[in-house]
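Structural description and commentary
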Amino acid sequence: MRKALLLALAAFLLVACKKEVNPEELVSNAAKQYYTYLLEGNYDAFVDGCYREGTIREAYRSQLVDNAKMFVGQQKDEHQGIKSFEVVSAKVDTASHSANVFLNLKYGDNTSEQIVLPMVEKENLWYMR
């Protein structure tokens, strides 16, 4: 009887101590990581954060990397670059495994812009759509 009570108490403590996974936090962290890659110039990792069915040709992947570089270059020309960003909020639809992450981009010319980053969850990982 005492063993059963201790076992029940241990099970209760295990459940009580287990941290609940917040889907908004998970998708926000993924978006932060992808935009950190972008701002650090790790364009390959940024492109790898985009969801695609199957594999793509290397020539197409190279074009996607070049597009990411051009985007950053364009922001430098127009706004003196993206200096920082922050996640404003995230809205997750757990039924469709999709989300929208709202980012506030802060530019070098002291302007800012809020963008929506659509995300999709595949095999427990969040990717940019």
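Things to note about the pairing of strand 4 (residues 125-128)
- Taken together, the four bridges between strand 3 (residues 112-122) and strand 4 define a ladder with antiparallel strand orientation. Bridge assignment links Lys 122 to a residue of strand 4, and that residue is Leu 125.
- Once strand 3 ends, the chain turns through two residues before running back antiparallel as strand 4, passing Glu 123 with a positive phi of about 50°.

Observations concerning the nonpolar core
- Ranked by internal contacts, the top residues of the largest apolar core, which has 27 residues, are Tyr 35, Val 101, Leu 117 and Met 119.
- Elements with a minimum of two residues in this core: helix 2 (23-40), helix 3 (43-48), helix 4 (58-79), strand 1 (82-93), strand 2 (98-107), strand 3 and strand 4.
- At six residues, helix 2 tops the list of elements feeding residues into this core.
- The contacts of Met 119, once residues within four sequence positions are left out, are Val 27, Ala 30, Ala 31, Tyr 34, His 97, Ser 98, Ala 99, Val 101, Trp 126, Tyr 127, Met 128 and Arg 129.

Concerning the sheet that holds strand 1
- Strand order in the open sheet made by the four strands is 1-2-3-4, with antiparallel pairing throughout. Two strands bound the open sheet, and with one partner strand each, they are strand 1 and strand 4. Pairwise comparison of adjacent strand axes, ignoring direction, gives a mean angle of 30° for this sheet.
- Looking at chain direction, strand 2 and strand 3 are connected through nine bridges and run antiparallel. From the neighbouring strand, Lys 106 faces strand 3, where its bridge partner is Ser 112.
- Contacts between helix 2 and the sheet are confined to strand 1, strand 2, strand 3 and strand 4, with strand 1 contributing the most and set at about 150° to the helix.

Quick word on helix 2
- Between the first and last C-alpha of helix 2 there are 26 Å, a value that for 18 residues agrees with the 26 Å anticipated at 1.5 Å per step.
- All buried positions along helix 2 are accounted for by Val 27, Ser 28, Ala 30, Ala 31, Tyr 34, Tyr 35 and Leu 38. Along the long axis of helix 2, the arc covered by the buried residues comes to 160°, so they all point the same way.
- Looking at the buried side of helix 2, the elements it contacts are helix 3, helix 4, strand 1, strand 2, strand 3 and strand 4.
- The distance from a side-chain oxygen at the start of helix 2 to the backbone nitrogen of Glu 24 is 2.9 Å, and the residue carrying that oxygen is Asn 22.
- Remark: Gly 41 follows helix 2 within two positions and exhibits a positive phi of approximately 85°.

Regarding the packing of aromatic side chains
- Per the stated rule, a full pass over the model turns up three aromatic pairs.
- Look at Tyr 35 and Phe 46: their rings are 5.8 Å apart centre to centre, the planes differ by 90°, and that puts the pair in the edge-to-face class. Linking Tyr 35 in helix 2 with Phe 46 in helix 3, this pair joins segments that are 11 residues apart in sequence.
- On the basis of relative accessibility, which here comes to 8%, the residue Tyr 35 falls in the buried class.
- The class of Phe 46 is buried, set by a relative accessible area of 12%.
- Here the aromatic cluster, defined as three or more aromatic residues joined through ring pairs, consists of Tyr 35, Phe 46 and Phe 85.

The rules behind these values
- Residues numbered from 1 in each chain as written.
- Predicted model: local features only at pLDDT ≥ 70, side-chain atom pairs only at ≥ 80, totals over all residues.
- Heavy atoms only, no water.
- Pairing = 2+ DSSP bridges.
- Helix = DSSP H or I, 4+ residues; strand = E, 2+ residues; numbered from the N terminus.
- Core = buried A, V, L, I, M, F, W, Y, C linked by side-chain atoms within 4.5 Å.
- Buried < 20%, exposed > 50% of the residue type's maximum accessible area, 1.4 Å probe, protein only.
- Contact = heavy atoms within 4.5 Å.
- Axes fitted to C-alpha atoms, helices over the stretch in contact; angles between N-to-C directions.
- Expected span 1.5 Å × (residues − 1).
- Arc of directions from axis to C-beta.
- Polar contact = N/O pair within 3.5 Å; in protein donor to acceptor, adjacent residues only side chain to side chain.
- Phe/Tyr/Trp six-rings, centres within 6.5 Å; stacked < 30°, edge-to-face > 60°.

The values are spatial; any link to function lies outside them.
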